[in-house]
Amino acid sequence: RPPVRHTRCQSPLSSFASKPKTLRLAQPQKQCQAIDLKGFAVHSPRVLAWARVRILLDYRPALRARTGVGEYAHQMASALARRLTPGDSLVLFSSSWKDRLPAGVIPGTSVVDARVPVTFLNLAWHRLEWPAIETFAGEVDVVHSMHPLLMPAERAAQVVTVHDLYFLDAPESTRAEIRRDYPALAASHARRADAVITVSESTAGQVRTRLGVDPTR
């Protein structure tokens with residue numbers, strides 16, 4: 001077994017066309033994983049010769065109206081799908097009681113569409129950190145959340161996304177789980193994540209100073 005390599009993530013997502021660098025994702029208690037996402041503007045890692053990587057991306061923000069974070073999720077998934085290396089795969093995850101995510105929404109990807117109310121699943125994930133994503137999707141190597149809170153995983157490397165810290169600056173203007181969970185949990189989840197992606201250098205600076213995330217992450 002190769003030695004555990006430390007996670008490194010220190011530049012924001014700015015362009016899918018930027019020069020690839022190296023990111024290795026691992027947790028001491030989880031199987032060491034690496035992924036190859038050429039053009040994934042944060043960093044682009046090398047694939048271990050023996051590894052085929054299965055990446056799961058939280059596509060729920062794009063399930064109905066693709067505005068804001070939803071459009072970001074869709075464009076992120078589309079870019080990753082175009083840059084997968086042979087043998088690797090991208091899974092789009094969705095959960096809803098009534099809305100279904102059609103297969104083929106993004107060519108080259110597969111879909112895991114759980115018939116679970118999103119409000120119920122968010123409450124269980126945020127407050128209980130249960131059930132693990134593997135319950136729905138089987139074994140995956142990387143799980144990528146489109147918001148600051150982790151998607152629970154048994155072994156997969158966990159990536160979170162921070163678009164801004166509005167939930168800390170004006171919590172009275174937010175609602176639902178953003179108001180209930182983000183202010184209380186975002187800092188601890190971001191510090192525990194294998195990698196933190198931000199959409200601007202300004203947000204990256206705030207994540208380091210206000211959420212206490214190590215600059216090397």
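Residues numbered from 1 in each chain as written. Predicted model: local features only at pLDDT ≥ 70, side-chain atom pairs only at ≥ 80, totals over all residues. Heavy atoms only, no water.

All right, on to the sheet that holds strand β3 (residues 54–58) then. One open sheet holds the six strands; their spatial order is β5-β4-β3-β6-β7-β8, and the pairing between them is parallel. Each having just a single partner strand, β5 (110–114) and β8 (195–198) make up the two edges of the open sheet. Neighbouring strand axes in the sheet, compared pairwise and without regard to direction, differ in orientation by 20° on average. In the sheet, β3 pairs with strand β6 (residues 142–144) via three bridges, with the strands oriented parallel. Following the sheet pairing, Leu57 is matched in β6 by His144. Against the sheet, helix α1 (residues 69–82) touches β3, β4 (89–95), β6, β7 (157–162) and β8, its axis set at about 165° to β3. (Pairing = 2+ DSSP bridges. Helix = DSSP H or I, 4+ residues; strand = E, 2+ residues; numbered from the N terminus. Axes fitted to C-alpha atoms, helices over the stretch in contact; angles between N-to-C directions. Contact = heavy atoms within 4.5 Å.)

This part is about the pattern of salt bridges. Using the criterion set out here, one finds nine salt bridges in the structure. Across the pair Glu71 and Arg66 runs a salt bridge whose closest N-O atoms are separated by 3.7 Å. Using a relative accessible area of 29% as the deciding quantity, one classes Glu71 as partly exposed. Among the salt bridges present, the one from Glu129 reaches Arg192, with a minimum N-O distance of 2.8 Å. Here the residue Glu129 occupies a position in the loop between α2 (118–128) and α3 (134–137), and Arg192 occupies one in helix α5 (residues 176–192), the gap between them amounting to 63 residues. Look at Arg192 and you get partly exposed, because its relative accessible area is 41%. A cluster of three or more residues bridged by salt bridges with shared partners is formed by Arg127, Arg180 and Asp181. (Salt bridge = Lys/Arg side-chain N within 4 Å of Asp/Glu carboxyl O. Buried < 20%, exposed > 50% of the residue type's maximum accessible area, 1.4 Å probe, protein only.)

Turning our attention to the side chain of Thr161. Residue placement: Thr161 occurs in strand β7. Polar side-chain contacts of Thr161 include one of 3.0 Å to the side chain of His144. A polar contact is formed between the side chain of Thr161 and the backbone oxygen of Ser145, at a distance of 2.8 Å. Apart from the residues lying within four places of it in its own chain, the contact partners of Thr161 are Tyr72, His144, Ser145, Met146, His147, Pro148 and Ile197. (Polar contact = N/O pair within 3.5 Å; in protein donor to acceptor, adjacent residues only side chain to side chain.)

Of all hydrophobic cores here, the largest spans 22 residues; its most connected members are Ile55, Leu57, Tyr59, Ala77, Leu90, Leu92 and Ile106. Counting residues per element, this core draws most heavily on α1, at six residues. Of all hydrophobic cores here, the second largest spans 16 residues; its members include Tyr182, Ala187, Ala190 and Leu211. (Core = buried A, V, L, I, M, F, W, Y, C linked by side-chain atoms within 4.5 Å.)

Turning our eyes to something else, we now look at unusual backbone geometry. With omega at -5°, the peptide bond leading from Trp130 into Pro131 counts as cis. Structurally, Pro131 is set in the loop between α2 and α3. Positive phi, close to 50°, is recorded for Glu129, a residue that is not glycine. Of note in this structure, Ala176 is not a glycine but carries a positive phi near 50°. With respect to the element layout, Ala176 can be found in helix α5.

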